[in-house]
Each structure stands twice: as C-alpha cells, then as structure tokens.
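A look at the structure
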Amino acid sequence: MKPSDIYFLSMIIMVFCFSCKEDDEAGKAGTFYGTPVTLGAGEVKSFVKTDNEGKPLSMGIALSKEALTQLPTADSTHLFYQYILKLPKELEETTFNHIMVDWNPMGHEPENVYTTPHFDFHFYMISEAERMNIGAEDPKMEIIPDAKYLPADYFHIPGGVPMMGKHWVDKLAPELASQPFTTTFLYGSYDGEVTFMEPMITLDYILAKPEKHLPIKQPAAFEKAGYYPTQYAITYEASTGQYLITLENMTKRVIAENSNAGTPVLLASANQAYTGFEQFNFPICGSAKTKTQKPLKALSMATNEISATN
C-alpha cells in the first residue's frame, strides 16, 4: 500500500470516528418522557430536556389538554386523588427521584387561602419507599433542616403530612396577603433534610395558559450536590396540545470542601412554628378536625394512588 493510500485511509477513519462521537453526543440531547398515567380524560407524564452531554436543562410534568377535563370530584371517601410519575430513564444526572401529583377538587386548608380546585406538584428528592414510610405522627417530621438549606422567607406549617413530610410556605406569597391564589411555590422537609419542591397551581390558572416563568427563591446552601432549578414555568405547548409545569434553569450546585453541614433542629412540639402567621389559621397537620385535612386524604391513598409502571 502506498503512503498516500495509508494517509487517505487514516483520514477516513478519523472522520468516521469524529462523526460517531458527534452522533453519540447529539443522541443525549432532546426531550424525553416518562411512562404516562391516566388523568381525567387524558394523561399526565414526566419529562426532561437534556443537553448534548445528557445534563438536565429542565424537567417537569406534561398534561394533555384532555387530562384537565372530566377530572374526578370529591366525595366522602375521596377528598383528593394522587398520581405517581416515574422520571424518564434518559435522565442520568438528577437530584430528583420521582414526582407526586395531587389533584384537590375542593382545595385544602387553610380556609379561604387554598380552598380552590388545584394541583400540588411534588418533586421528591427521596425514594418512593422512603416517602411511603413517613407516618402520620412521625417524630422525624419535627426535625427541621438547618436554616441555610431553605430560603430565608419560608416558614414551616405546624405538624406534617403522612407519606409527604413537613411543608414550608413563603411568608411573602400573595395569597397570604389576601390576594387570590393562582400559583405558589413550597418546599418540604423530613428528618432534618429538604426532601421536595412543590409548585401549587389552581386548575383555572393552568387552563388560562398564562405563559409564566417565575423565580424560585433559593437557599443559601445545598445539602447535596446536584442540579436544582432557579425558576418554574406554567405554559401551554400548542404543537403537542400539552400543558407544561416545568422546573427550569437547572443549575449544578456543588458542596464546598470543609463546608459546615449545619445542624438540624428538633422542634419542641408539633405546634412550634414561626410566630406572626397565626392569622392564616394553618391547622396542625395530623389532626382530623377539618374536612379537607391532608392526613384524612392520605388515609385513602391505597385506593387513590395511581402509579406509572415501566
């Protein structure tokens, strides 16, 4: 074989290998969906958008337009309906483990704040098994994270919700200042760790197609390295006929070497919460005094929870 032939063959091999590498990297970019679950007359499913390296750009929940029709109604045994979504298998690097969607036909407490039909979209950072093991009077719900792991404006609701955890609310949320509730963003914790993020959005607001991109208040530090969103969006994708609830601008957070992990705080009682918010009449989760109490709803989870199977 002539030297010129060897050179030409080498160039062909190099071009072929480079092309394969480009195709391989391009194959990691795209929008990927999890297994759909029936909701209303349609379906709901998780999704993730990744870059060429497979890193998450955004993730969220896609609801078909039919999913928001013929939604189940509340009755004496079904005060809410719950749907578990597994994440797409293409999501290689993630802080999140699974998504839990609550449909609340009558809303939930506190009265005249969140008592309108709405969805609770829980993005969990713990496994389904860990979440399911959270009990109604679990003392670990009263172990709250170090303050630096939650946004400064957030306060925790007394008590906690079985199979969910303790909820944290933004004290500056418009609905807590007598404004109509449309959308709000919560955090959740259990056993001294931040365990979920939760956009809460009314049915009417989603149907209105608001095309909103809203900032997520950030903590001063993160317990675990990974990708976290800095904003969330409520949009409608006309090309696919889907309503999208999206955690956007996924940003990689690292844990600095020799950083102080902080100290979880054990509350003195389930009643203990930040002062100054008694006017909102947040009930102590775990009691059964109100018709729309979440613990009551959770008791019927066995018949209401619908999971996606792979």
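For the structure, see preceding data.
These lines cover the structure that appears in this document, whether it is placed above or below. All values reported here derive from a predicted model rather than from experimental measurement. (Residues numbered from 1 in each chain as written. Predicted model: local features only at pLDDT ≥ 70, side-chain atom pairs only at ≥ 80, totals over all residues. Heavy atoms only, no water.)

Considering the overall build of the protein chain
Selection criterion: Labels follow the DSSP assignment, with helices taken as runs of H or I lasting at least four residues and strands as runs of E lasting at least two, numbered in each case from the N terminus. The criterion used for residue contact is that any of the two residues' heavy atoms lie within 4.5 Å. Note that accessible areas follow from Shrake-Rupley with a 1.4 Å probe, and for residues the cover is restricted to the protein chains shown.
Per the secondary structure count, the protein chain includes 5 helices and 19 strands. Counting contacts in the protein chain only where the partners sit at least 6 residues apart, residues at least 24 apart contribute 62% of the total. Per element, the accessible surface of the protein chain, about 15000 Å² overall, is 55% carbon and sulfur.

Focus: the environment of Val-48
Where we set the bar: Using a 1.4 Å probe on the protein chains alone, a residue whose accessible area is under 20% of its type maximum counts as buried, one over 50% counts as exposed, and one in between counts as partly exposed.
The residue Val-48 is located in strand β3 (residues 42-50) in this model. In this structure Val-48 comes out as buried when scored by relative accessible area, which is 0%. The sequence separation of Val-48 and Glu-90 amounts to 42 residues, and the corresponding C-alpha distance is 8.2 Å. Excluding residues within four positions of it along the chain, Val-48 makes contact with Gly-30, Thr-31, Phe-32, Pro-56, Ser-58, Met-59, Pro-88 and Leu-91.

Let's talk about the packing of aromatic side chains
The condition is simple: Only Phe, Tyr and Trp rings are paired, with Trp represented by its six-membered ring, and only when their centres lie within 6.5 Å; those with planes under 30 degrees apart are stacked, over 60 edge-to-face, the remainder tilted.
Enumeration according to the criterion identifies 11 aromatic pairs in this entry. Judged by centre distance (4.9 Å) and plane angle (85°), the rings of Tyr-114 and Phe-181 are edge-to-face. Note that Tyr-114 is positioned in the loop between β6 (98-104) and β7 (118-124) and Phe-181 in the loop between β10 (166-170) and β11 (183-190), a separation of 67 residues in sequence. Each member of the pair Tyr-114 and Phe-181 is classed as buried. On the numbers, 5.0 Å between centres and 50° between planes, the contact of Tyr-124 with Phe-196 is tilted. Here Phe-196 lies in strand β12 (residues 193-202) and Tyr-124 lies in strand β7, a separation of 72 residues in the sequence. Each member of the pair, Tyr-124 as well as Phe-196, carries the same accessibility label: buried. Aromatic rings pair up to connect Tyr-154, Phe-185, Tyr-187 and Tyr-232 into one cluster.

Remarks on the side chain of Ser-189
Here is the rule: Polar contacts here mean pairs of N or O atoms no more than 3.5 Å apart (in protein, one a potential hydrogen donor and the other a potential acceptor; neighbouring residues in sequence count only if both atoms are side-chain atoms).
On the secondary structure map, Ser-189 appears in strand β11. We classify Ser-189 as buried; its relative accessible area is 0%. Here Trp-168 takes part through its side chain, which lies 2.9 Å from a polar atom of the side chain of Ser-189.

Here we look at the environment of Tyr-114
On the basis of relative accessibility, which here comes to 2%, the residue Tyr-114 falls in the buried class. On a C-alpha basis, the gap between Tyr-114 and Thr-183 in space is 9.9 Å, while along the polypeptide they are 69 residues apart.

Considerations on the pairing of strand β5 (residues 81-86)
Put simply, the rule reads: Any two strands are treated as partners once DSSP identifies two or more bridges connecting them.
With 5 of 6 residues buried, β5 is to be regarded as a mostly interior element. Bridging between β5 and β6 involves 6 bridges; their strand directions are antiparallel. By the bridge assignment for β6, Lys-86 is matched with His-98.

Observations regarding the nonpolar core
Operational definition: Only buried Ala, Val, Leu, Ile, Met, Phe, Trp, Tyr and Cys residues count toward a nonpolar core, and they belong to the same one when joined by side-chain atoms within 4.5 Å.
Ile-61 and Phe-119 are the most contacted members of the largest nonpolar core, which totals 48 residues. Setting aside chain neighbours within four positions, we find Ile-61 in contact with Val-44, Lys-45, Phe-47, Leu-85, Ile-99, Val-101, Phe-121, Phe-123, Tyr-243, Leu-244 and Ile-245.

Concerning the pairing of β3
The buried fraction of β3 amounts to 7 of the 9 residues, a majority that puts the element mostly inside the structure. Note: strand β1 (residues 30-33) against β3, 4 bridges, orientation antiparallel. Residue pairing for β3: Phe-32 is matched across the bridge by Val-48. Examined bridge by bridge, strand β2 (residues 37-39) and β3 share 3 bridges and lie antiparallel to one another. Looking at β3, one finds that Thr-38 is bridged to Glu-43. Count of turn residues in the β2/β3 antiparallel hairpin: 2 residues, of which Gly-40 carries a positive phi of about 55°. Pairing of β3 with strand β4 (residues 56-64) involves 7 bridges; the strand directions are antiparallel. Bridge pairing in β4 places Phe-47 opposite Gly-60. Counted between consecutive antiparallel strands, the loop separating β3 from β4 contains 5 residues, among which Gly-54 sits at a positive phi close to 85°.

A word on the environment of Ala-238
Tracing the backbone through its elements, the reader meets Ala-238 in the loop between β15 (231-237) and β16 (242-248). We classify Ala-238 as exposed; its relative accessible area is 64%. C-alpha of Ala-238 to C-alpha of Lys-65: the two residues are 173 residues apart in sequence and 9.9 Å apart in space.

Here's the deal with the pattern of salt bridges
The condition is simple: What makes a salt bridge here is a side-chain nitrogen of Lys or Arg within 4 Å of a carboxyl oxygen of Asp or Glu, nothing more.
For the structure shown, the criterion picks out 8 salt bridges. For Lys-89, the salt bridge goes to Glu-90, with nearest N and O atoms at 3.3 Å. Taking the relative accessible area as the measure of exposure, Glu-90 reaches 26% and is therefore partly exposed. For Lys-217, the salt bridge goes to Asp-170, with nearest N and O atoms at 3.1 Å. Note that Lys-217 is positioned in the loop between β13 (212-215) and β14 (226-228) and Asp-170 in strand β10, a separation of 47 residues in sequence. Of the residues examined, Lys-217 reaches a relative accessible area of 30% and is grouped as partly exposed. Shared partners join several salt bridges into a network, and the residues in it are Asp-153, Asp-170 and Lys-217.

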